Amino acid sequence: MVCKKTVQRYKNVEHQKLTGNLYFCAMNNCRDVKFYVPTIRNKQNTIIAMNLDFTFQNPTRIHFGRSAMNHLADELKKFGPNILLVYGKNSIKKMGLYDQVIRTLKECGKNVVELPGINSNPRYSQLLEGARLVREHHVDLILAVGGGSVIDCSKGIAMSAYCEGDPWTRYWENGEDVDNPVVPVASILTMTGTASEMNGGSVITHEDKKLKLGRVFPLELASPKFSILNPEFTYSVPKYQMVSGIFDIFSHLMEQYFSGDDDCVSDYLLEGDMLALISAARKAIVNQEDYEARSNIMWCATMGLNKILALSKTQDWEVHMIEHQLGAYTDCAHGIGLAIISVPYYRHIYKYGLHRFVRYAQNIWHVAPEDKTDEQIALEGIQALGDFIAEMGIPQTLREVGATEEMLPLIAESTVKCGGYHVPTTGEVLEILKACY
Ligand SMILES: [Zn+2]
């Protein structure tokens, strides 16, 4: 799919070679989820600045902090009486949140239909079940209580309930514009990481096709109408899931950061978010109930992928593309998969964006540059990333998350290829996967 507006914009660039790259639309008004955006390369064949124009508005109202739930009743009053409550396994019941939400819904006179049991990689069959419930009960609001998976699934349901034809093919595979009525979504967040609480993303796994695809819907359609963010709700998340979420956030920041050459405000903001996250993560692994740390992690996540930090950036996203297929084959936790892939991936591509990897090493990991070549500085930065992953106690090989050697070529073949400084071939993706194995 070609984003014609973007192609037109760069058609007349002189002395530069235009090539096609597959990207998620994240920085302009283009409504395509995946499209070929021309990358501009200099004589060394590295991708250089794009300085894209943008229009930006994020419609999600955020209620943040210990008293955030006090806003739920007033928010619910703005919607009709029929609510689809979507949640995961039992954790919201164990922590008492389920009872609290049901009580408020009843006090507001709502009719509640429930869709429990959403998986950590939400399945297309669950989305279809939710879409059926929406139609059958004339649902006015989908209230997602959980982490990114529950919210992603809820957005998928919202887009699909009144879709003519097969929503998977139309909206996830072909990236078509949504042309049917959409049910509003709202969220109460219990696990940080994906920023689904303030963006239009919906990552769904088609279990029969063994495909995990992300669709970024326009913010005005899919971004939750309101989201309640109480950092205390994240305390009960097991440590493994917490570090998975932390690395997912970190990966979102790096995916946006490793692209472009220009002096761009988004890069400075990304560096600030990365530094805040590292500091908070180190406190949270010592004390999971450190409110300051957990609230910083929560806001780092939301800021990290609500599109603000991506403005004017071309972005990378290949680590996510590889992980999506790893997840489709192994069902591993998203952030853990990203952590395993990241160091071998960056070791593979750093030469194509050396200047940025030098800046990353110095500004994020404080690598001293004296008496070192740029390559040495860059590699020290990537090593520091690996050390941080180890410090978080995250597994570092694909074997540990259930991948087999036979899966690697299948994962490499089915991975969408994109990149910030370099677009890898299937052979290169396979090489990266072998290095993680
Ligand atoms: Zn992610």
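Residues numbered from 1 in each chain as written. Predicted model: local features only at pLDDT ≥ 70, side-chain atom pairs only at ≥ 80, totals over all residues.

K.L.:
How would you explain the overall build of the protein chain if you had to name every residue and give the values?
P.N.:
Looking only at helices and strands, the protein chain has 17 helices and ten strands in total. Across the protein chain, every contact between residues at least 6 apart in sequence was considered, and the portion connecting residues at least 24 apart equals 77%. (Helix = DSSP H or I, 4+ residues; strand = E, 2+ residues; numbered from the N terminus. Contact = placed C-beta atoms within 7 Å.)

K.L.:
Help me get a handle on unusual backbone geometry, residues and values and all.
P.N.:
Of note in this structure, K307 is not a glycine but carries a positive phi near 90°. Mapped onto the secondary structure, K307 falls in the loop between α11 (291-304) and α12 (318-330). Phi at D331 is positive, roughly 60°, even though this residue is not glycine. Structurally, the position occupied by D331 is in the loop between α12 and α13 (334-349).

K.L.:
Run through helix α15 (residues 374-391), naming residues and quoting values.
P.N.:
Under the 1.5 Å per step criterion, the end-to-end length of α15 is 26 Å for 18 residues, consistent within 8% with the ideal 26 Å. For α15, every residue scored as buried is listed here: I377, A378, G381, I382, L385, F388 and I389. Buried residues along α15 cover an arc of 140° about the axis, so they all sit on one side. Against α9 (239-257), α10 (265-286), α13 and α14 (354-365) lie the buried residues of α15. (Expected span 1.5 Å × (residues − 1). Buried ≥ 20, exposed ≤ 12 C-beta atoms within 10 Å, placed from the backbone. Arc of directions from axis to C-beta.)

K.L.:
I'd love a proper account of the packing of helix α16 (residues 407-414) against helix α17 (residues 426-436), names of residues and values included.
P.N.:
A packed helix pair is summarised by two numbers, namely the angle formed by the two axes and the spacing between the axes. For the pair α16 and α17, the least separation of the axes is 8 Å and the interaxial angle reads 135°. The orientation of α16 with respect to α17, classified from their angle, is oblique. Relative to α17, the crossing made by α16 is right-handed. Here α16 contributes L408, P409, I411, A412 and E413 to the contact with α17, which in turn contributes T426, V429, L430, L433 and K434. Each residue belonging to the contact of α16 with α17 can be placed in one class, and the counts come to seven nonpolar, one polar and two charged. (Axes fitted to C-alpha atoms, helices over the stretch in contact; angles between N-to-C directions. Parallel < 35°, antiparallel > 145°, perpendicular 65-115°, else oblique. Left-handed = near helix turned anticlockwise from the far one by under 90°. Nonpolar A, V, L, I, M, F, W, Y, C, P; charged D, E, K, R; others polar.)

K.L.:
How would you summarise the nonpolar core if you had to cite specific residues and measurements?
P.N.:
Core analysis: the biggest nonpolar cluster contains 123 residues, and V86, I142, V145, I246, F247, L277 and I297 have the highest contact counts within it. Domain assignment of the residues forming this core places at least three in each of domain 1 (61-234) and domain 2 (239-436). What I246 contacts, discounting residues up to four positions off in sequence, is L277, A281, I297, G335 and M392. (Core = buried A, V, L, I, M, F, W, Y, C linked by C-beta atoms within 7 Å. Domains from an automatic or database assignment.)

K.L.:
Can you break down the environment of M191 residue by residue, with the values?
P.N.:
Structurally, M191 can be placed in the loop between β7 (185-189) and β8 (201-206). Spatially, the C-alpha atoms of M191 and Q241 are 8.4 Å apart, while their sequence positions differ by 50 residues. Excluding its chain neighbours within four sequence positions, the residues that come into contact with M191 are G146, G147, G148, T234, V237, Q241 and G245.

K.L.:
Just give me the short version of the packing of α9 against α13, but keep the residues and values in it.
P.N.:
At a minimum axis distance of 7 Å, the contact between α9 and α13 shows a crossing angle of 55°. Considering their axes alone, α9 and α13 lie oblique with respect to each other. In this structure, α9 crosses over α13, and the sense of that crossing is left-handed. Contacts from S244, G245, I246, F247, D248 and S251 of α9 reach α13 at H334, G335, I336, L338, A339 and S342.

K.L.:
Lay out the pairing of β8 in plain terms, naming residues and giving numbers.
P.N.:
Within β8, five of the six residues are buried, which leaves it mostly tucked inside the rest of the structure. Between β8 and strand β9 (residues 211-216), which pair antiparallel and follow one another directly, the connecting turn spans four residues, one of which, K210, has a positive phi of 50°. (Pairing = 2+ DSSP bridges.)

K.L.:
Please give an account of the environment of I322 that cites residues and values.
P.N.:
Locating I322 in the fold gives a position in helix α12. The exposure class assigned to I322 is buried, which follows from the 27 C-beta atoms found within 10 Å. Considered as a pair, I322 and Y345 are 23 residues apart in the sequence and their alpha carbons are 9.7 Å apart. Apart from residues no more than four positions distant in its own chain, I322 is found in contact with I341, T415, V429 and I432.

K.L.:
Explain the sheet that holds strand β10 (residues 226-229) to me, using residue names and the numbers behind them.
P.N.:
The strand order across the open sheet formed by six strands is β3-β10-β7-β6-β4-β5, and the pairing between neighbours is parallel. At either end of the open sheet lies a strand with only one pairing partner, and these are β3 (61-64) and β5 (111-115). Neighbour-to-neighbour, the strand axes of this sheet turn through a mean angle of 20°, independent of strand direction.

K.L.:
Please give an account of the environment of S196 that cites residues and values.
P.N.:
Note that S196 resides in the loop between β7 and β8. Leave out the neighbours within four places in its chain, and S196 touches G148, I151, D152 and G201.

K.L.:
Report on the confidence of the model for the protein chain, specifying residues and quantitative values.
P.N.:
Any region with low pLDDT has predicted coordinates that should not be read closely. Summary statistics for the protein chain give a mean pLDDT of 89 and a share of 88% for residues scoring 70 or more. Low pLDDT, under 50, characterises residues 1-43; the stretch is placed with 92 contacts to residues that sit more than four places away or in other chains. The low-confidence segment residues 45-50, where pLDDT is below 50, has 20 contacts with residues more than four positions distant or belonging to other chains. (pLDDT = per-residue confidence, 0-100.)

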